[in-house]
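A look at the structure
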Protein chains: 2
Amino acid sequence: MSRRNTIQRTLVKNAVMAMSCHPTADEIYDEVLKKCPGISKGTVYRNLNRLADEGEIFRVAVANAPDRFDRTACPHCHFLCLRCGQVCDFKLAHDPEIDPALNPGFVVLDYELVINGYCSECAGDDLSAAPRQLS
Amino acid sequence: MSRRNTIQRTLVKNAVMAMSCHPTADEIYDEVLKKCPGISKGTVYRNLNRLADEGEIFRVAVANAPDRFDRTACPHCHFLCLRCGQVCDFKLAHDPEIDPALNPGFVVLDYELVINGYCSECAGDDLSAAPRQLS
DNA sequence: CTCCTTAATAGTAACTGTTGCTGAAAAGAG
DNA sequence: CTCTTTTCAGCAACAGTTACTATTAAGGAG
C-alpha cells in the first residue's frame, strides 16, 4: 500500500493533463484551487514532484524562471520565448543522436532540449518596447 | 560610457573562464571571494547576468537546482547526473536539426540540450544507497 | 593631473519558489 | 468497523536571487 489515490493527487494530475501550455507549479496551484479551494500549496508541490519522479509528468527547467510541468512524460523538445516567457512544444527535423560510445561510462536516461528565441507573437514586436506579459 | 571595466566584473568573468566545471553562482562567488574578500554576492549575480545577457558566458538551466554558468557562450550539450548533481559537457553524434519551416513564425536564437542520467562515477554505485555529495 | 558625472559597488532587506515540520484527516487492508 | 500509515492543511523556514540606498570609483572633459 505504498501509493494512495487521493482527491488532491488526482486533481493535480488532471490539471496538468488539461493544460495544453506548460504551466508552472504556481499556475497549477491556481487551477487546482478552483476545484478544491482548500488545497495547500505544499500538497501541489509534493504531488507534482512525485508525479515527475514516477514519470507520469515531465519537468522542464527554465533558466531564471520557475520550473514548468508538461503532461507528456516522454522527453521532447520545448521552445522558450525570451521575450514573453512562454514555453511551447517545438518540432525537430531530426532528434539529437546520442552515441553512448562517445561518452563511455555515462548512463543516459533521457534528455531535454530547449530552443531559445522569439515566439510568433513576439517576433514582430518592437524589441526595444516593453515585453508583453503572460497572463 | 555605458559599460565600465571594474575589477569585480573582471574577476567574475575570469573565475568563470578558469573553472572547467559548470559552477553555480554561489560557487563562483566563493571563488571570487578568495581574490576579492569584500565582494558582494549581489555584485556576482549582477555581473553573471550581464555577462550572460551580453553573450560572453552561457547560462545552463537545471531542474530543481540553481542555474549554472559556462565559459563557452555558444550553445552546446550538457550532461546532468541525477545522482550527484554534477554537470559536465557531453559529446553528440549529431546535433539536433532545427528546421525553421516546421515552426513558422518562430525566431530561433540558440538552444540548450541537457542529457539526464548517471555519470561514470555514480553509475556503478548502489542506487539504493545515499547519493554521493558534491564538494 | 584634477574634477565631475554617472555606472557600479557593498551591505542589507525583501522577495519568490520550494521544502520541512506538526498535528489532523482519510485511504485502504484486514 | 478499526487500525495503520500515507497524505493532508497550515505554517514556518529555507535557498536562490533581486531590489534598494548610500557610497565608491571609472573614465571622459578640461
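This text gives an overview of the structure that appears in the document. (Residues numbered from 1 in each chain as written. Chains lettered and ligands numbered in written order. Predicted model: local features only at pLDDT ≥ 70, side-chain atom pairs only at ≥ 80, totals over all residues. Heavy atoms only, no water.)

It is worth spelling out the overall build of chain A at this point. When helices and strands are counted, chain A shows four helices and five strands. Starting at the N terminus, the α and β elements of chain A follow one another as α-α-α-β-β-β-β-β-α. For chain A, the residues scored as buried account for 41% of the 135 residues in total. Of the roughly 7,300 Å² that chain A leaves accessible, carbon and sulfur atoms contribute 52%. (Helix = DSSP H or I, 4+ residues; strand = E, 2+ residues; numbered from the N terminus. Buried < 20%, exposed > 50% of the residue type's maximum accessible area, 1.4 Å probe, protein only. Areas by Shrake-Rupley, 256 points an atom, 1.4 Å probe, with all protein chains shown as cover.)

Here the focus is the protein's contact with DNA strand C. Among the 21 residues in the neighbourhood of DNA strand C, the closest are listed as A:Tyr45, A:Asn49, B:Arg4, B:Thr43 and B:Arg46. At 2.5 Å from a phosphate oxygen of DNA strand C is found a side-chain nitrogen or oxygen belonging to B:Arg46. B:Asn47 places a side-chain nitrogen or oxygen 3.3 Å from a phosphate oxygen of DNA strand C. At the level of elements, helix H3 (41–53) of chain A together with helix H1 (7–18) and helix H3 (41–53) of chain B are the ones that each hand at least two residues to the surface near DNA strand C. A per-element tally of the surface near DNA strand C places H3(B) first, with four residues. (Near = heavy atom within 4 Å. Polar contact = N/O pair within 3.5 Å; in protein donor to acceptor, adjacent residues only side chain to side chain.)

Let's shift gears to the pattern of salt bridges. Taken as a whole and judged by the stated rule, the model has twelve salt bridges over all chains. Residue A:Lys41 pairs with A:Asp26 through a salt bridge whose shortest N-O separation is 2.8 Å. Residue A:Lys41 is found in helix H3, and its partner A:Asp26 is found in helix H2 (residues 25–35); the two are separated by 15 residues along the sequence. Three or more residues are tied together by salt bridges with common partners; here these are B:Arg3, B:Lys13, B:Arg50, B:Glu54 and B:Glu56. (Salt bridge = Lys/Arg side-chain N within 4 Å of Asp/Glu carboxyl O.)

What follows deals with the packing of aromatic side chains. Counted under the stated rule, the structure contains six aromatic pairs over all chains. Relative to A:Phe90, the ring of A:Phe79 lies with its centre 5.4 Å away and its plane at 15 degrees, an arrangement referred to as stacked. Here A:Phe79 is found in strand E3 (residues 77–81), whereas its partner A:Phe90 is found in the loop between strand E4 (87–89) and strand E5 (107–118), with eleven residues between them in sequence. With respect to burial, A:Phe79 and A:Phe90 carry one shared label: buried. Taken together, a centroid distance of 4.7 Å and an interplanar angle of 85 degrees make the contact between A:Phe79 and B:Phe106 edge-to-face. One end of the pair, A:Phe79, is in strand E3; the other, B:Phe106, is in the loop between strand E4 (87–89) and strand E5 (107–118), on a second chain. Taken together, the ring pairs connect A:Phe79, A:Phe90 and B:Phe106 into an aromatic cluster. (Phe/Tyr/Trp six-rings, centres within 6.5 Å; stacked < 30°, edge-to-face > 60°.)

Position of B:Arg59 among the secondary structure elements: in strand E1 (residues 58–60). Polar contacts involving the side chain of B:Arg59 include one to the side chain of B:Asn49, which spans 2.6 Å. Excluding its chain neighbours within four sequence positions, the residues that come into contact with B:Arg59 are A:Ala63, A:Asn64, B:Asn49, B:Ala52, B:Asp53, B:Asp67, B:Arg68, B:Phe69 and B:Glu112. (Contact = heavy atoms within 4.5 Å.)

Okay, H1(B) next. All names here are of chain B. The terminal C-alpha atoms of H1, which comprises twelve residues, lie 16 Å apart, in line with the 16 Å expected from a rise of 1.5 Å per residue. The complete set of buried residues in H1 reads Arg9, Leu11, Val12, Ala15 and Val16. All buried residues of H1 fall inside an arc of 165 degrees around its axis, so they share one side. Pointing more than 90 degrees away from the buried face of H1 are the exposed residues Ile7 and Ala18. Structurally, H1 contributes buried residues whose contacts are with helix H2 (25–35), H3 and strand E2 (68–70). (Expected span 1.5 Å × (residues − 1). Arc of directions from axis to C-beta.)

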